[in-house]
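# Structure at a glance
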2 protein chains.
Amino acid sequence: MKHPSDILDLILFIVALIAIWYSISNFNSVKRILIGRPMRTAELNATHNKLLWFIALPILAADLYSSVSYGPESGITELIGLGSEAKWYIIPITISTILLLAILIVSYIMGILAYPNGGGAYAIAKDNYKQQWVSLIASSSLLVDYILTVAVSVSAALEAVSSAYPVVSPYETVLAILCVFILLVVNLRGVAESAKIFAWPTIGFMLCMLLLIGAGFFHEFRYGFVQASTPPFGTVPKGLSTLLLLKAFSSACSALTGIETISNSVPIFRAPQQKNAIKTYIALGIVTSITLLGFSFHLYVQGISPNEHNTMLSQITAIYFGHGILYQMIIWFTFVVLILAANSTFTGFSQLAAIVAGDGFLPRGFTNRGDRLGYSNGIIALAATASLLIIAFQAHTNALIPLYAIGVFLSFSIAQFGLMKRWQRIKGPHWKVKLGVNTFGGIITSIVAIIFAVTKFTSGAWIVIIVIPTIIMFSIAIQRHYRTISNELKIDVSKTHPETNKILTMVLVSGVHRVVNNTLSFAMSISQDELIAVYVGFDDDAIHNMEEKWTEWGTPCRLVSLKSKYRSVLEPLSRLVHVIEEKEDFNGLIQIVIPQFIPKKWWHNLLHNQTALLLRFWLLRHKDVVITTVPYHLKK
Amino acid sequence: MKHPSDILDLILFIVALIAIWYSISNFNSVKRILIGRPMRTAELNATHNKLLWFIALPILAADLYSSVSYGPESGITELIGLGSEAKWYIIPITISTILLLAILIVSYIMGILAYPNGGGAYAIAKDNYKQQWVSLIASSSLLVDYILTVAVSVSAALEAVSSAYPVVSPYETVLAILCVFILLVVNLRGVAESAKIFAWPTIGFMLCMLLLIGAGFFHEFRYGFVQASTPPFGTVPKGLSTLLLLKAFSSACSALTGIETISNSVPIFRAPQQKNAIKTYIALGIVTSITLLGFSFHLYVQGISPNEHNTMLSQITAIYFGHGILYQMIIWFTFVVLILAANSTFTGFSQLAAIVAGDGFLPRGFTNRGDRLGYSNGIIALAATASLLIIAFQAHTNALIPLYAIGVFLSFSIAQFGLMKRWQRIKGPHWKVKLGVNTFGGIITSIVAIIFAVTKFTSGAWIVIIVIPTIIMFSIAIQRHYRTISNELKIDVSKTHPETNKILTMVLVSGVHRVVNNTLSFAMSISQDELIAVYVGFDDDAIHNMEEKWTEWGTPCRLVSLKSKYRSVLEPLSRLVHVIEEKEDFNGLIQIVIPQFIPKKWWHNLLHNQTALLLRFWLLRHKDVVITTVPYHLKK
């Protein structure tokens, strides 16, 4: 205890232990406090869980809009090796990004028109490709992307705060896990409530960014559009290659990750759902374009250079506003918006997982609605995997950014080509225009995806080549499993009917006492056929003793004593089951009746050997026997 | 993936996941490889698990002998504020420590003579005090002490290595946990085998220390016993107080922790057990005394000062041998001996826990012998709690050293006063001498304990005041629980006999398929009284469908349909149970028959809702119903 922080750690440790103990002891009430009262299925279609479009906008926008702060910077960083002369490329690159954004939004709007039930790339692919694996590429890259988004956004949010407040730095991992836990709780409570809590900060961040852009123009009207620090425009620096330009463009495209959120979330909009979702897309596209373009333009005018320890956003804010309250607001809004980016993916992940699980490609548990009608298992799975990533990478997840951009553009491309096939098949009004748009979009997004994969291969893109096929393999195995079982369980109701069997009942006894009396009473009440009591002793004395007591008790039924050389009840019991099953004249079923103590307090379980539990587990797994547990509720 | 270490971390992470998966899938074979074949109870008394005294010596000595390296240093560090003039006090302080060691060894030898079955302080206290709490103080302080020893020794071992090889530093916690895991496996394999592996390094460390002392004398014969760096002898520095001297003495006494290991482990010696244990004590006392005195003397002659980043052992080794191979050997032997100190406590902890549990003060599971005849639960509990401490303190456990010294001296004192009472009661040959020795020893160890408690109170000794009484409280609660149950379960064999009851059997059905057919077949085979099928539907359509199918199937028994508004099977079912129990004319027992899928591969469980498991758990806990599980083994 040399340092006060040791004592603090110890106190925190003890508090954590007490909290865990309390939560286990009072699981239901703690759950009620955190999650809220359970809701009826009938409440599902009530409007209060559905969102107005201008409330959905900030919630679903956080993922896309938060990347605005680093997109242009990522792009220009690729070219900075060429010197100051290359800085003007930030403007054409940003314009290309915005064009791509426009194309993507138009494509996604058509996706919404075609598939109003959400599911985005997965729904589109499923409908247009006969090959399952194409839609599984879309779903698994999106699911992985969501997990990465949570890990990356939360870690980046904490890095933002800790670069402003270094005191936070050693606690980044713990605080990141805490943030994920809070997001988990909020999302288990339900979408509507998370909206009410979380709608305003994103609007605040948007206003801050727009204010920053306005301040930029004000600054430029005052000091001129070409200032002392403005680099030359239109020069072609030495060493510029097409590959380098494409690399810069693809990096800048990291500003577009998160655009699919709205199309995946159509069902959470208030009616008319499609119209409202489209409104949201258009509004978001306009705000994002203005922000990207204005921001890039000012970055060019001020000739800002990338700096590892100071983001370009932070640099330009400091030029216009100094390090005062507006700077603080932008730092904290960045934090909040990154957390919200993580938040918006909870809805997306759990709904996509439910759809994919409904098709039998993921465990069926993902389709279950929890107490608050959200897909709790998906929400919990997302929080758990993201937390694992955060722990494994100690909250330094920047390295994962290339991974998630590649997944996004992969699913973009699949969606576009899927829509292409749809227009060719269904046609309809203006189908050639739509086909053209999606073909163009598909080609562009494929190129971006390929460039990402090639240029970032050694930076971690190779992981995608391992993870996505693994998930697809599992998905196919899962579906096969469900199909096999469904076939196995099918019966012909006119032919197959329940048939009675001979039952041999074995009661496990450990002595002569009230629990044994209780268990034996039950067994004698049900057994019509054969009933034996089985005693397992560790040595001859114990067995002799037991047999004497049994006789003294008047031999309520036949007692079979088994000796266990290895101090295990399981081994002699399973030998006995085997012997009986092998008997020629035995063609019935074995039922093993096991008594179980139920203490008043849960921790009292630690004081009793959990042999019954282990036995039940092992016997059910390895033998074809029926296990009956007769509880004995201790009075004290 | 900017740094290669990220990729390394990722690869390690994936390897760990695969290893965990493999271990779960093949639990039994992995267990066999790690632990070895199970052993018969009859093998318990075979000699090969009992130790020859000179093999027991290094194993049981590690705990005591490893503290030699830091004992004198701790003592003199307390006085160093008084300047170089105080350095000669290291010699009288070490002499006092050795006298105390001699007293303790003599006392413990008498303890062995009186109580040959081990248990040390606890056995002595239990036999001589009517008050349970006195022996519980001894047992709980020893148990806590063992846990701390493992955490502190393993952490210190890794700190030793990482100060020589800084590259290890960031992995200290993980490597410490790994060391504990290796110790766990080795101890689960059994004592004899750990002896064969672990006897030699401690002997090596002893030889190194003796070589160091020899080299010191050689050095002094050559350069004189009073060298340029030798501080003055016999001066009384300004500011020296009795309290300060006592504090220094008590710190130096940390060299004596671990002395109780032998007396607790008498049963592991080969016959004649007492004689061999005493031989070991005497041999260990002589070696330790020589080492302590020689080491301190050379430290004084060379005028070594304590240095935070360089232990005095390391400093003096460098003077005699430089930083060559002997220096490396001493570093690595320190590492190994500290790991062995942790190892020796595994035997001590599990045997003490078994004895205390046998008296009903700890969960009875501690008395079970595992596959290899060791008390596995105690071994596992020790490894788990020590690992938790290591994680909570991030392998920086120096702060815990004062805690464990106080526990040790507390139990020393209880043992001594217990022996005092014994001599007064039993008398026997030379009882007055023995009484005198133990009285003197008891007074000295109490003083040391009190000085520890007072001088280290703010450094963490206060924790002992929380932890030990908490354990005692739990121990007493546990014993009370066992007694209550034992009374509750007792029956009069002549009066109480099993009685048959009316049984209402409910079969949970989820549709009409093979599993339901199978379950119903069993239920119809056993039910003599009433049988109903219960279906829980989430909406009216589902219920209507089910009822139609049931009729189509020919209504094998009455079907009760329940609607669940909250999408839970539990709630309507427990309502139904309640309604039946409240019925006036019902005075029987309810049996609920639940089908359970058993897939071929364990991970397939993730693909099926574990409703059956949750239901069984909840109903057994909260209702007085019998639960029968009918397994359905999937063929694929």
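Residues numbered from 1 in each chain as written. Chains lettered and ligands numbered in written order. Predicted model: local features only at pLDDT ≥ 70, side-chain atom pairs only at ≥ 80, totals over all residues.

With that settled, consider the domain arrangement of chain A. For chain A, the domain assignment lists domain 1 (44-482) and domain 2 (503-633). A straight line from the C-alpha centre of domain 1 of chain A to that of domain 2 of chain A covers 60 Å. (Domains from an automatic or database assignment.)

Next up on the list: the pairing of strand β3 (residues 558-563) of chain B. Residue and element names in this part refer to chain B. Bridge count for strand β2 (residues 530-537) against β3 is 6 bridges, and the pairing is parallel. Bridging from a neighbouring strand, Val-536 pairs with Leu-562 of β3. A crossover links β2 with its parallel partner β3, the connecting element being helix α20 (residues 540-552), and its sense is right-handed. (Pairing = 2+ DSSP bridges. Helix = DSSP H or I, 4+ residues; strand = E, 2+ residues; numbered from the N terminus. Right-handed = clockwise from strand over helix to strand, strands pointing away.)

With an RMSD of 0.2 Å, the fit of chain A onto chain B corresponds to turning through 180° and sliding 0.0 Å along the axis. This pairing of chains is accounted for by a two-fold axis. Closest approach to the rotation axis among the C-alpha atoms of chain A is made by Thr628(A), whose C-alpha sits 2.0 Å away. Both copies share a contact surface, since 99% of the interface residues of chain A are interface residues in chain B too. (Least-squares fit on C-alpha atoms with pLDDT ≥ 70 in both. Contact = placed C-beta atoms within 7 Å.)

For the rest of this paragraph, the subject is the interface of chain A and chain B. Taken together, the contact pairs 74 residues of chain A with 73 residues of chain B. Put simply, the parts of the chain that give the side of chain A that touches chain B at least two residues each are α1 (4-25), α18 (457-489), α19 (514-526), β4 (589-598), α22 (611-622) and β5 (625-633) of chain A. Per-element tally for the side of chain A that touches chain B: the top contributor is α19(A), with 9 residues. Two strands pair when backbone bridges link them, and β5(A) and strand β5 (residues 625-633) of chain B are joined in this way by 3 bridges, in the antiparallel orientation. Note on β5(B): the bridge partner recorded for Thr629(A) is Ile627(B).

The next point concerns the nonpolar core. The biggest cluster of nonpolar side chains holds 136 residues, and the ones touching the most others in it are Ile147(A), Val154(A), Val180(A), Ala353(A) and Leu382(A). At 19 residues, the largest contribution of residues to this core is made by helix α14 (residues 325-358) of chain A. If sequence neighbours within four positions are ignored, Ala353(A) has contacts with Leu143(A), Leu362(A), Phe366(A), Tyr375(A) and Gly378(A). Val144(B), Ala157(B), Leu184(B) and Trp423(B) belong to the second-largest nonpolar core, a separate cluster that totals 135 residues. (Core = buried A, V, L, I, M, F, W, Y, C linked by C-beta atoms within 7 Å. Buried ≥ 20, exposed ≤ 12 C-beta atoms within 10 Å, placed from the backbone.)

Turning next to helix α14 (residues 325-358) of chain B. It helps to recall that an α-helix has 3.6 residues per turn; residues three or four apart then point in one direction. All names here are of chain B. Over its 34 residues, α14 extends 50 Å from the first C-alpha to the last, a length consistent with the 50 Å expected when each residue adds 1.5 Å. Across the 34 residues that make up α14, a large majority, 26, are buried. A positive backbone phi angle near 90° is found at Gly-360, which sits one or two residues after α14. (Expected span 1.5 Å × (residues − 1).)

Residue and element names in this part refer to chain B. Bridge count between strand β1 (residues 503-509) and strand β4 (residues 589-598): 5 bridges; the pairing is parallel. Its bridge partner being in β4, Leu-504 is matched across the sheet by Ile-590. Pairing geometry for β4 and β5, over 9 bridges, is parallel. Looking across to β5, one finds that Ile-590 is bridged to Val-625.

With that settled, the discussion passes to the sheet that holds β2(B). If you walk across this open sheet you meet the 10 strands as β3(A)-β2(A)-β1(A)-β4(A)-β5(A)-β5(B)-β4(B)-β1(B)-β2(B)-β3(B), and the pairing is mixed. Edge positions in the sheet fall to β3 (558-563) of chain A together with β3 of chain B, since each of these pairs with one other strand and no more. Sheet twist, expressed as the mean angle between neighbouring strand axes with direction ignored, is 30°. Across the sheet, α19(A) touches β1 (503-509), β2 (530-537), β4 and β5 of chain A together with β1, β4 and β5 of chain B, and the angle it forms with β4(A) is around 145°. Strand contacts of helix α20 (residues 540-552) of chain A: β2 and β3 of chain A, with the helix running at about 175° to β3(A), the strand carrying the most contacts. (Axes fitted to C-alpha atoms, helices over the stretch in contact; angles between N-to-C directions.)

Let's shift gears to the packing of helix α12 (residues 273-302) of chain A against helix α13 (residues 312-321) of chain A. Axis angle and axis distance: for two packed helices, these are the angle between their axes and the distance between the axes, and together they describe the pair. Residues and elements named next belong to chain A. Between α12 and α13, whose axes approach to 11 Å, the crossing angle comes to 70°. Taken together, the axis directions place α12 and α13 in an arrangement best described as roughly perpendicular. As α12 packs across α13, the resulting crossing turns out to be left-handed. Between α12, through His-298, Leu-299 and Gln-302, and α13, the contact on the second element is made entirely by Met-312, Ile-316 and Ile-319. (Parallel < 35°, antiparallel > 145°, perpendicular 65-115°, else oblique. Left-handed = near helix turned anticlockwise from the far one by under 90°.)

So, on to the environment of Val186(B). Residues and elements named next belong to chain B. You can see Val-186 is positioned in helix α8 (residues 172-189). A count of 19 C-beta atoms within 10 Å places Val-186 in the partly exposed class. C-alpha separation for the pair Val-186 and Ser-107, spaced 79 residues apart in sequence, amounts to 32 Å.

Quick look at unusual backbone geometry now. In this structure, Pro272(A) follows Ala271(A) across a cis peptide bond, with omega equal to -5°. Note on placement: Pro272(A) falls in the loop between α11 (261-264) and α12. Its identity is not glycine, yet Lys427(B) carries a phi of approximately 60°, on the positive side. Within the secondary structure, Lys427(B) sits in the loop between α16 (401-426) and α17 (431-455). Here the phi dihedral of Arg567(B) falls at roughly 55°; this positive angle occurs in a residue that is not glycine. Considering the arrangement of structural elements, one finds Arg567(B) in the loop between β3 and α21 (570-582).

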